[in-house]
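# Commentary on secondary and tertiary structure
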Amino acid sequence: MGQLAVPPECDDDVMNSTSPEAVRNEATDWFERHWDPELPLGRWWQLLADSGWAFPSWPEGFGGRALSAVAARAAIQARRQIGAFGPPNGVATFLAAPTIMRYGSQAQQDRYLPRIVNGQDIWCQLFSEPGAGSDMAGLATRATRDGDEWVITGQKVWNSGAQWAKYGILIARTDPEQPKHRGISYFLIDMEQDAVDVRPLREMTGDAAFNEVFLNEARVADEDRLGDLGDGWRVAMTTLSHERDPDNPGMGDTAAFGSVDLTMTVKDHTAALGSKIDGFSLALSGGVTKVLEDVTGQFNALNDPIVRQRMAKIVEMRRNAKWSGMRTAATVKSGGQPGPEISTLKLLGSEMGRQIRDLGLDAMGPHGMLYGEDAPGGGLFHAYSMFTPAQSIAGGTDEVQRNIMGERVHGLPREPGEKEQRELPWSELPRS
Ligand SMILES: Cc1cc2nc3c(=O)[nH]c(=O)nc-3n(C[C@H](O)[C@H](O)[C@H](O)COP(=O)(O)OP(=O)(O)OC[C@H]3O[C@@H](n4cnc5c(N)ncnc54)[C@H](O)[C@@H]3O)c2cc1C
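Residues numbered from 1 in each chain as written. Predicted model: local features only at pLDDT ≥ 70, side-chain atom pairs only at ≥ 80, totals over all residues.

So, about the overall build of the chain. If you tally the helices and strands in the chain, you get 15 helices and eight strands. The globule rule puts the C-alpha radius of gyration for 432 residues at 22 Å, and the 22 Å found for the chain is close to it. By residue count, 43% of the 432 residues in the chain fall in the buried class. (Helix = DSSP H or I, 4+ residues; strand = E, 2+ residues; numbered from the N terminus. Rg over C-alpha atoms; globule rule 2.2 N^0.38 Å. Buried ≥ 20, exposed ≤ 12 C-beta atoms within 10 Å, placed from the backbone.)

Now the structure itself:
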């Protein structure tokens, strides 16, 4: 029986008249001429950025060619077919970059985006706090004005990749006398200062991809505030809508977390990465369906009609997540940014993760109980399986996505008491 292939592209996006076929040909030609695994990683990423093939749907000059979603996908497929290594991936590309593109001044865009698209700078996201996760608007980290600078004091937590980050996207309270959603501002903070203390946290996967971050009178220049003073909640919602978008153009297919040596050849870099890739990076880099195919193939599970049925369901869910038209609809309605409807796709992603995990482990039989290097395939699929519960939490929990859909898409009433809380100054709110 044949392989269950990922569905073909549909032509549902006609925002840009450049035909996907023409783009595919041009990209193929470029990659055939330029791809060389012996190049240093930094040089390869710079070439990708300069040519606009790094993130083809992004603006020209910032690693892209302003292509439509469909044409950009054709270019990415051309790259993959040739086997060329992808652009940098991580919080920098899928969260910081689209937010800076939307709200950044020209000076901020010129300063930060080129070093994101060529992989020079790693970024992290400093949103969650011990007392403010789902209720993020309740955050207590304070930003106090001191001349041309802001002094930041507080604690953040679950900050992925913060131990390697040069910069952080940070939300902090600039006016505690405003209602909780209104007194927040958004900053681009330099993580490499003594007043920023990053402490890694070990997860049940065994990796330490995320951290707690203590800010003890850290400094940010006012010119590194993103968006208007007190408007940080709106800016943060843009970041989160990109985080919940399963087809975020900044989410690449290379490992997402970890320090990188840009002087290493791409060949050595990928070899060093090898099976060390963690479950978190695999979830974000989207390569898991290939790993699932490998493990089901290794155990001859695809001969079983029930396994094939479950696999077909996963392929169908993936098609829905990527090409259902929901993303386009949500994005167009919200002026080019993913809107609240994108929460449906985030929920679908969590469910898909669980189904992939269950199918892969079932297919392996008793081998599914192993962990680490002894497990089939060097334990890569098992690392992903251990990470899957996190997918229903990161970027807002499943329950929160359902609340968003209920309240902001279907117009259901808000939770009892929430309206009153939204009007009270943050300083008067009860805190745990
Ligand atoms: C792998 C991973 C990576 C992460 N990376 C980052 C990062 O880089 N930067 C960052 O800032 N944060 C990060 N986070 C944090 C993440 O955003 C929070 O964990 C998430 O928002 C939930 O907050 P919490 O953990 O405080 O849970 P809580 O908000 O305490 O929720 C606990 C439980 O209560 C439920 N709940 C809470 N409120 C409601 C409600 N109103 N209605 C119904 N149910 C509710 C939740 O659904 C959940 O089940 C990451 C998390 C994970 C798992």
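Here we take up the pairing of strand 5 (residues 184-190). Counting buried positions along strand 5 gives six out of seven residues, so the element sits mostly inside the fold. Note that strand 4 (residues 167-173) and strand 5 share seven bridges and pair antiparallel. Considered in strand 5, the bridge of I171 is made with Y186. Where strand 5 meets strand 8 (residues 225-226), two bridges bridge the pair, whose relative direction is antiparallel. The residue of strand 8 that forms the bridge with F187 is R225. (Pairing = 2+ DSSP bridges.)

Attention shifts here to the environment of G372. Its location among the elements puts G372 in the loop between helix 12 (342-364) and helix 13 (380-391). C-beta crowding within 10 Å serves as the criterion here: with 10 such atoms nearby, G372 is assigned to the exposed category. Taking C-alpha positions, G372 is 39 Å from A218, a pair spaced 154 residues apart along the chain.

As a further point, take helix 9 (residues 288-298). Burial in helix 9 covers these residues: V288, L292, V295 and T296. Looking down the long axis of helix 9, one finds its buried residues gathered within 95° of arc, a one-sided arrangement. Away from the buried face of helix 9 by more than 90 degrees, exposed residues K290 and G297 are located. At the exit of helix 9 stands N300, carrying a positive phi of roughly 50°. (Arc of directions from axis to C-beta.)

Right, let's talk about the site of the ligand for a bit. Around the ligand, the surrounding shell holds 20 residues, and the nearest of these are F127, G133, S134, T397 and E399. Breaking the shell around the ligand down by element, the ones donating at least two residues are strand 1 (123-126) and helix 14 (398-409). The class makeup of the residues in the shell around the ligand is nine nonpolar, ten polar and one charged. (Near = placed C-beta within 6 Å. Nonpolar A, V, L, I, M, F, W, Y, C, P; charged D, E, K, R; others polar.)

A75, A96, W123, I152, F187 and I189 are the most contacted members of the largest nonpolar core, which has 72 residues in total. Contacts of A96, omitting those with residues within four sequence positions, involve V91, I116, W123 and I169. Counting 31 residues, the second largest nonpolar core, distinct from the first, contains V157, W158, A321 and L345. (Core = buried A, V, L, I, M, F, W, Y, C linked by C-beta atoms within 7 Å. Contact = placed C-beta atoms within 7 Å.)

Our focus in this paragraph is the confidence of the model for the chain. Averaged over the chain, the pLDDT score is 89; the fraction of residues at 70 or greater is 92%. Segment residues 1-16 is flagged for pLDDT under 50; beyond a separation of four residues in sequence, or across chains, it makes 24 contacts in the model. (pLDDT = per-residue confidence, 0-100.)

For the pair helix 4 (residues 91-103) and helix 6 (residues 232-243), interaxial distance at closest approach is 9 Å and the crossing angle is 135°. By the criterion of interaxial angle, the relationship of helix 4 to helix 6 is oblique. Crossing hand, helix 4 versus helix 6: right-handed. Note on element contacts: helix 6 touches helix 4 through V235, T238, T239, H242 and E243, opposite F94, L95, P98, T99, R102 and Y103. Within the contact of helix 4 with helix 6, the residues separate by chemical class into five nonpolar, four polar and two charged. (Axes fitted to C-alpha atoms, helices over the stretch in contact; angles between N-to-C directions. Parallel < 35°, antiparallel > 145°, perpendicular 65-115°, else oblique. Left-handed = near helix turned anticlockwise from the far one by under 90°.)

Here the focus is the environment of P88. Structurally, P88 can be placed in the loop between helix 3 (69-82) and helix 4. Through-space distance from the C-alpha of P88 to that of A140 is 32 Å; in sequence the pair is 52 residues apart. With residues up to four places along the chain from it excluded, the contact list for P88 reads W45, T93, G119, G252 and T254.

The terminal C-alpha atoms of helix 13 lie 17 Å apart, and with twelve residues this matches the ideal 16 Å at 1.5 Å per residue to within 8%. With respect to burial, helix 13 is a largely interior element, ten of its twelve residues being buried. Considered for burial, the residues of helix 13 that qualify are L380, F381, H382, A383, Y384, S385, M386, F387, A390 and Q391. (Expected span 1.5 Å × (residues − 1).)

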